[in-house]
Structure formats: C-alpha cells, structure tokens
Amino acid sequence: MDWMVMPQVGSCQLVPLLSSGLTGPIEINKPVGSGPLARNQADDVRVIQQALNQVTLKRVAGGPVPPLAVDGICGPKTKAAISRFQQVQLKIFDGVIEPNKKTIIKLNEIIDPVSDADLRIRLQLALPLVRLAIGAALRDLQAVISNGPATTGPAAVASDRLNRHFRLNTLSALDQSTTRIDLFGTFTRFNTVISNPEVFNINVNDEFDLNKSDPQIALTTLQGFFEEGVVDPKTKRRRDRIHLGLGFFAPRVSAEFGSFIILHELAHFIGRANGQDIDDFGKGWFDDFFVRGLPAAERLSNADSYAGFAHECRVNSSAKPPFVTTAPGNARR
Ligand SMILES: [Zn+2]
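The following paragraphs examine the structure supplied in this document. (Residues numbered from 1 in each chain as written. Predicted model: local features only at pLDDT ≥ 70, side-chain atom pairs only at ≥ 80, totals over all residues.)

Observations regarding the environment of Gly271
Definition in use: Where helices and strands are cited, they refer to DSSP runs of H or I of at least four residues and of E of at least two residues respectively, numbered from the N terminus. Here exposure depends only on C-beta density: within 10 Å of a residue's C-beta, 20 or more other C-beta atoms make it buried, 12 or fewer make it exposed, and intermediate numbers make it partly exposed, the C-beta atoms being placed from the backbone.
Its location among the elements puts Gly271 in the loop between α8 (255–270) and β7 (282–283). Residue class for Gly271 comes out buried when judged on the 22 C-beta atoms lying within 10 Å of it. Along the chain, Gly271 and Thr186 lie 85 residues apart, while their C-alpha atoms are 7.2 Å from each other.

Notes on unusual backbone geometry
Cis geometry marks the peptide bond from Val65 to Pro66; its omega dihedral reads -5°. As for its position among the elements, Pro66 is in the loop between α1 (42–57) and α2 (76–89). In this structure, Arg59 is a non-glycine residue whose phi angle is positive, near 60°. In this fold, Arg59 is placed in the loop between α1 and α2.

A short note on helix α3 (residues 102–111)
In plain terms, the rule: Regarding the arc, it is the one traced by the directions from the helix axis to the C-beta atoms. Placing C-beta atoms from the backbone, we regard two residues as in contact once those atoms come within 7 Å.
Turning to α3, its buried residues number three or more, namely Thr103, Ile104, Leu107, Asn108 and Ile111. One side of α3 carries all its buried residues, which in axial view fall inside an arc of 135°. Where the residues of α3 are buried, they touch α1, α2 and β3 (96–97).

Structural notes on the packing of helix α4 (residues 116–147) against helix α6 (residues 173–195)
Packed helix pairs are specified by the crossing angle of their axes together with the interaxial distance, meaning the distance between the axes. Note the following rule: Here the axes come from fitting lines to C-alpha atoms, over the contacting stretch only for helices, and the angles between their N-to-C directions go from 0 to 180 degrees. Each angle is binned into one of four classes, with values under 35 degrees roughly parallel, values over 145 roughly antiparallel, values of 65 to 115 roughly perpendicular, and all other values oblique. Take the far helix as your reference; a near helix turned counterclockwise from it by less than a right angle gives a left-handed crossing, and one turned clockwise gives a right-handed crossing.
The N-to-C vectors of α4 and α6 enclose an angle of 155°; their axes lie 9 Å apart at closest approach. What the angle tells us is that α4 and α6 run roughly antiparallel. α6 is crossed by α4, and the crossing has left-handed handedness. Side by side, α4 and α6 meet where Leu127, Val130, Arg131, Ile134, Ala137, Leu138, Leu141, Val144 and Ile145 of the first sit next to Arg180, Ile181, Leu183, Phe184, Phe187, Thr188, Phe190, Asn191, Ile194 and Ser195 of the second.

Some words on the nonpolar core
Spelled out, the test is: Throughout this description, the term nonpolar core refers to a group of buried Ala, Val, Leu, Ile, Met, Phe, Trp, Tyr and Cys residues whose C-beta atoms join them within 7 Å.
Counting residues in hydrophobic clusters, the biggest one holds 52 residues, and the most contacted among them are Ala133, Ala137, Leu263 and Ala310. Broken down by secondary-structure element, the contributors of at least two residues to this core are α4, α5 (153–166), α6, β5 (218–221), β6 (242–244), α8 and α11 (303–315). Per-element tally for this core: the top contributor is α4, with ten residues. Not counting residues within four places of it along the chain, the set of residues in contact with Ala310 comprises Ala133, Ile134, Ala136, Ala137 and Leu263. Within the second largest apolar cluster, 20 residues are counted, among which are Ala38, Ile48, Val55 and Ile82.

Scope: geometric values only; no functional claims are made or implied.
Structure representation (structure tokens):
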C-alpha cells in the first residue's frame, strides 16, 4: 500500500496579523534564527516575532518578556527569544526555526491550535465545491458520450477539455470511446462517495481525519476507499481515510484550493473505474512543465489531471488557478 502525499504547493503568502487568533497556522518560506541554515527573510522574521509574542500574550511559558519589536530584523533579542522558546517548550537547542519542522509546529499548537471544529468548518466550505465539480465533470462526459466529439456546443467544449487534461485525442477512436466511459464510471465513483455516502454506510465527515502535528496538506492511500476497513498491521489504523494535515488549514488554502486538494486526494482514494490506481505522475495544470510531457496513459492515472479537469468543468474556464503549481510526480512508471 502506497501513501500518496500532496506536498506544500505554491509559494507561501505573508501571514496576516495574528491578533484575532483565527487566521490559521503560521508559515515561513525559509529558516529563521541563528546558524548557517537561517535566511532571516524580513517577512518570515516578522511572522516569527508576532508568533513568539502571541506565546507571551497567551501566558504560555517560553515567550519573550518583554515582547519583541515586530521589525522583521532577526537581531540578538529575536535570536535569544527563539532559543528560549525551544529550550522551554521542546528541549532543543539549535536556535533555528525551519519551515514545517518541530518548532513551528509547536508554535502553531500554542497560538492557533487546529480543532475538529476547524476541520468541519473547512470541509463545509470545500465539499460543496467538490460536489459541483464532480457534477460538472459528469455532465461534460455525458455530453460527449451521447453526441460523440462534436465540433460545436457542449460536446465540443467537453472534448476540448478531455483532450487538454487527458490527451484523449492521441488515442484511437475506439480507445477514446472506451476511455470516456471509464472516466464517466470513475467520476460516478467520486460522486457516490461524496454525495451518497449512506450507500456504503459511511459518514463523509468520518472519512476525513485530522493530524494536528503533520505539516503536509493531505495524504491518503491508493484505492483507500475500495479497501474499506483494512487495518495497517504496523500502525493499527484503518487505511481508508483521507488525512488532512496542518497545511490544509493554512490561510492560503481557500475553499477553492481546499476543493482542489480534496479532488486530488479523492482520485487516489477511489481509483479508476477499470480498477487501476490513480497515482502522481506529475503535479500541476495540464500544460505545466511536469504535466506537459505525460502521455494519455499516465494522465489517466494522474491525480492532478482528474482534479484539474473537474475544476475546469465547474468554473468553466481553462485558466490555471493561482493555487496550482507544478512539481514532479513520484509514481513508479
Ligand atoms: Zn497525490
């Protein structure tokens, strides 16, 4: 069983002020603090200075007293505050805060813990968009299956989308036709899991769980859903869940981005109607660097190709969404 991981994609945005405590986990782009790893970019330093001050404001041990000036400069006081926080909270002494590592996870646990209520709120925002995307993908596929690849109208629009995301036009006419039916079957499986979970006696919210100490966005198993109830002998955990990490709750993960992430993970979770796994051959939009060269056979087993196609069907635009970035896949060819 392979674990599939959606990495932290996209460049990080400057995190807004933490005064409300409702802004989501903090993120930095490069290490902050002392030593050779530290880059101390001003935006990152400001995020850390604000976060350390929040520790003090929340009366948790290890925060700077008095609070730091939030100036984006990693001077002696900020460096000392980082070391003190690490010593008190983590018993580590390297003096540097790296993206997605122990110290920033600890800071997030203190200043803005993610709860099961946050999970429900994020899912309530993203799942309606996921359902709409799956419905739109099925409508597009239905249009081509009923009419064949027409030159005008909805079937033509749908064919163009299938050609860009899955390169169906590189297959023989017979293979195009069987593949369209397979895709329809695959998106029907998506739809069943998301829209009629009672058929399988499951609760959609229960299919997602939250790992509060995992800095990744999300992960799941290949064909997780259709191996429902399998227990991993090592971890003793059921393997049919989509795990959402702390990254899913970052401020930059909008409902739109969340819906794309869930479509991507659902592809791994559900697999193709023909029984093949959906893996990661290349991440990104259909014409992005790591996707551009993939042949039809790989795109038809590529999670971002499914997420991209369904997203485009929903928003009715081929423009690449700002949160999609390209990265190499990790599938075994
Ligand atoms: Zn993936």
